[in-house]
Amino acid sequence: MSDLGYLVCAPCKTYLTLGKPVLRDDETVNYYHLGPRNSPRNPAQTLLNESLWKFLADHTGHPLVIKFDYEDGMAEVEENYTEIGGDTADGGIPFEQYLLNWDGLSKSNIDDRTLQTLRRPAINVEHYRDGTISAQVALHVDLPPSLLQQWQNEHGKPLLAISVRDINKSTMLVRNLGLPAPFLLRQIAEVNASRVVFGHFEQLWTKNRPVAVELLHSLPRTLAQVRAAGRSLHIALADLSAGSADAILAELQNAPSDGIEEPITVIDYPTMP
């Protein structure tokens, strides 16, 4: 069966991703699971769970249908419909934005959780100072060639490096990492490596800014998923100019923070002479 199931409202051109269907022995769906295997079950993912209930309320009386990504018409849905829980850079509506001011939430939820989520930063920027980085997961902005060489020579820490120079959409980037369909950015959490380097990021940032922003907004949540699963992953953006590095750090400050309990460490490297 399909990797992912979707709850779709065709009249409103809106959908919500339910996750991977987990099957019983008779191949009927037992439950859906969104995210890596070790992430919380859907009912425990508060923003997803509450967004589902709001989605049902918003589309009462509409012909809702659950579809899988191998079915006819799903390519059009993913391309042209609005995803609840998706990234704003890709035309989606993040869960926290979708739930804002919804009366279906209790006042305590709005005060104590939803607004805190909106205000909590997704990242914490640290300036590199020639030392060991102790963070379990981290995003490295403008990793210098000397440290890239060090990463390549480290034993026991698999390195995966790709060029993003000619990437024209996010699915192509995920495919180039060797990950399977449906080629979604959140699958980066599943790479079989502890070090990932996106080379020639300057060209992606310059030539295809929407894809670059979509990737930047997804990476903190991806690293949070890896951390929650008890694994280590360091992702580097390489080959940047000083001006682009500063702009990228500023854009990372806009990354959504839902699902991130503690900010993700972002290492800012000094401009190379």
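In this text the structure is predicted, and so the values were computed from the model without any measurement.

Asks: I would appreciate a short explanation of the pairing of strand β10 (residues 233-237) in the present structure.
Replies: Two faces belong to every sheet, and in a regular strand the side chains alternate between them. Extensive coverage of β10 is indicated by the burial of 5 of its 5 residues. Judged from the 5 bridges that link them, strand β7 (residues 137-141) and β10 form a sheet pairing that is parallel. Pairing of His-140 across the sheet is with Ala-236, part of β10. For strand β9 (residues 195-199) and β10, the ladder comprises 4 bridges, and the chain directions are parallel. The residue bridging Phe-198 from the neighbouring strand is Leu-237, located in β10.

Asks: Whenever I open this one, the side chain of Arg-195 confuses me. Can you help?
Replies: Structurally, Arg-195 is set in strand β9. By relative accessible area, which is 8% here, Arg-195 ends up buried. In this view, Arg-195 contacts Trp-151, Glu-154, Lys-157, Pro-158, Leu-159, Leu-160, Ser-232, Leu-233 and His-234; residues no more than four positions away in its chain are not counted.

Asks: For this particular structure, what's the right way to read the sheet that holds β10?
Replies: In sheet architecture, strand pairing relies on hydrogen bonds along the backbone and comes in two forms, parallel and antiparallel. Read across the open sheet, the 6 strands follow the order β6-β11-β7-β10-β9-β8; overall the sheet is parallel. In this open sheet, the two strands that pair with only one neighbour each are β6 (123-127) and β8 (159-163). Each adjacent strand pair in this sheet contributes to an overall mean axis angle of 20°, direction not counted. Sheet topology places β6 next to strand β11 (residues 264-268); 5 bridges connect them, and they run parallel. Its bridge partner being in β11, Glu-126 is matched across the sheet by Ile-267.

Asks: How should I be thinking about the confidence of the model for the protein in this particular structure?
Replies: Detail in the predicted coordinates should be disregarded across regions flagged by low pLDDT. Summing up the model confidence of the protein, the mean pLDDT is 87 and the portion of residues at 70 or higher is 92%. Ignoring residues within four places in sequence, the model shows residues 107-112, a span with pLDDT below 50, making 7 contacts including any to other chains.

Asks: Whenever I open this one, the layout of surface pockets confuses me. Can you help?
Replies: Unfilled space is identified by rolling a water-sized probe across the atoms. The computed volume of the second largest pocket comes to approximately 590 Å³. Forming the walls of the second largest pocket are 22 residues, and the residues nearest its centre are Lys-20, Gly-35, Pro-36, Arg-37 and Glu-190. Of all the elements in the fold, those that place two or more residues in the lining of the second largest pocket are β2 (14-23) and β3 (29-33). Among the residues forming the lining of the second largest pocket, the class breakdown is 11 nonpolar, 4 polar and 7 charged.

Asks: In this structure, what is going on with the packing of aromatic side chains? I would like to understand it.
Replies: What describes a pair of aromatic rings is the distance from one ring centre to the other and the angle between the planes of the rings. Summed over the entire model, instances satisfying the criterion amount to 3 aromatic pairs. Between Tyr-6 and Tyr-15, the ring centres sit 5.6 Å apart and the planes meet at 70°, which makes this aromatic pair edge-to-face. Tyr-15 shares its class with Tyr-6; the two are buried. Relative to Tyr-70, the ring of Phe-68 has its centre 6.1 Å away and its plane inclined at 5°; by these criteria the two rings are stacked. Looking at Lys-54, its charged tip hangs above the ring of Tyr-98, at a distance of 4.0 Å from the centre. Its end group placed over the ring of Phe-183, Arg-175 keeps NZ or CZ at 4.1 Å from the ring centre.

Asks: Can you help me understand the nonpolar core in this one?
Replies: Among soluble globular proteins, nonpolar side chains are generally buried collectively. Judged by nonpolar contacts, the single largest core of 44 residues is most densely connected at Leu-173, Ile-188, Phe-198, Phe-201 and Leu-237. The element that contributes the greatest number of residues to this core is helix α8 (residues 209-228), accounting for 9 residues. Once you skip the residues sitting within four places of it in the chain, Phe-201 turns out to touch Val-164, Ala-212, Leu-215, Leu-216, Leu-237, Ala-238, Asp-239, Leu-240 and Ile-248. The next biggest cluster of nonpolar side chains, apart from the first, holds 16 residues, and it includes Cys-9, Leu-34, Leu-48 and Phe-68.

About the thresholds
Residues numbered from 1 in each chain as written. Predicted model: local features only at pLDDT ≥ 70, side-chain atom pairs only at ≥ 80, totals over all residues. Heavy atoms only, no water. Buried < 20%, exposed > 50% of the residue type's maximum accessible area, 1.4 Å probe, protein only. Helix = DSSP H or I, 4+ residues; strand = E, 2+ residues; numbered from the N terminus. Pairing = 2+ DSSP bridges. Contact = heavy atoms within 4.5 Å. Axes fitted to C-alpha atoms, helices over the stretch in contact; angles between N-to-C directions. pLDDT = per-residue confidence, 0-100. 1 Å grid on protein atoms, 1.4 Å probe; cavity = no way out; pocket = protein on both sides within 12 Å on 5 of 7 lines; lining within 4 Å. Points joined across faces, edges and corners; volume = space filled by probe spheres on them. Nonpolar A, V, L, I, M, F, W, Y, C, P; charged D, E, K, R; others polar. Phe/Tyr/Trp six-rings, centres within 6.5 Å; stacked < 30°, edge-to-face > 60°. Lys NZ or Arg CZ within 6 Å of the ring centre and 35° of its normal. Core = buried A, V, L, I, M, F, W, Y, C linked by side-chain atoms within 4.5 Å.

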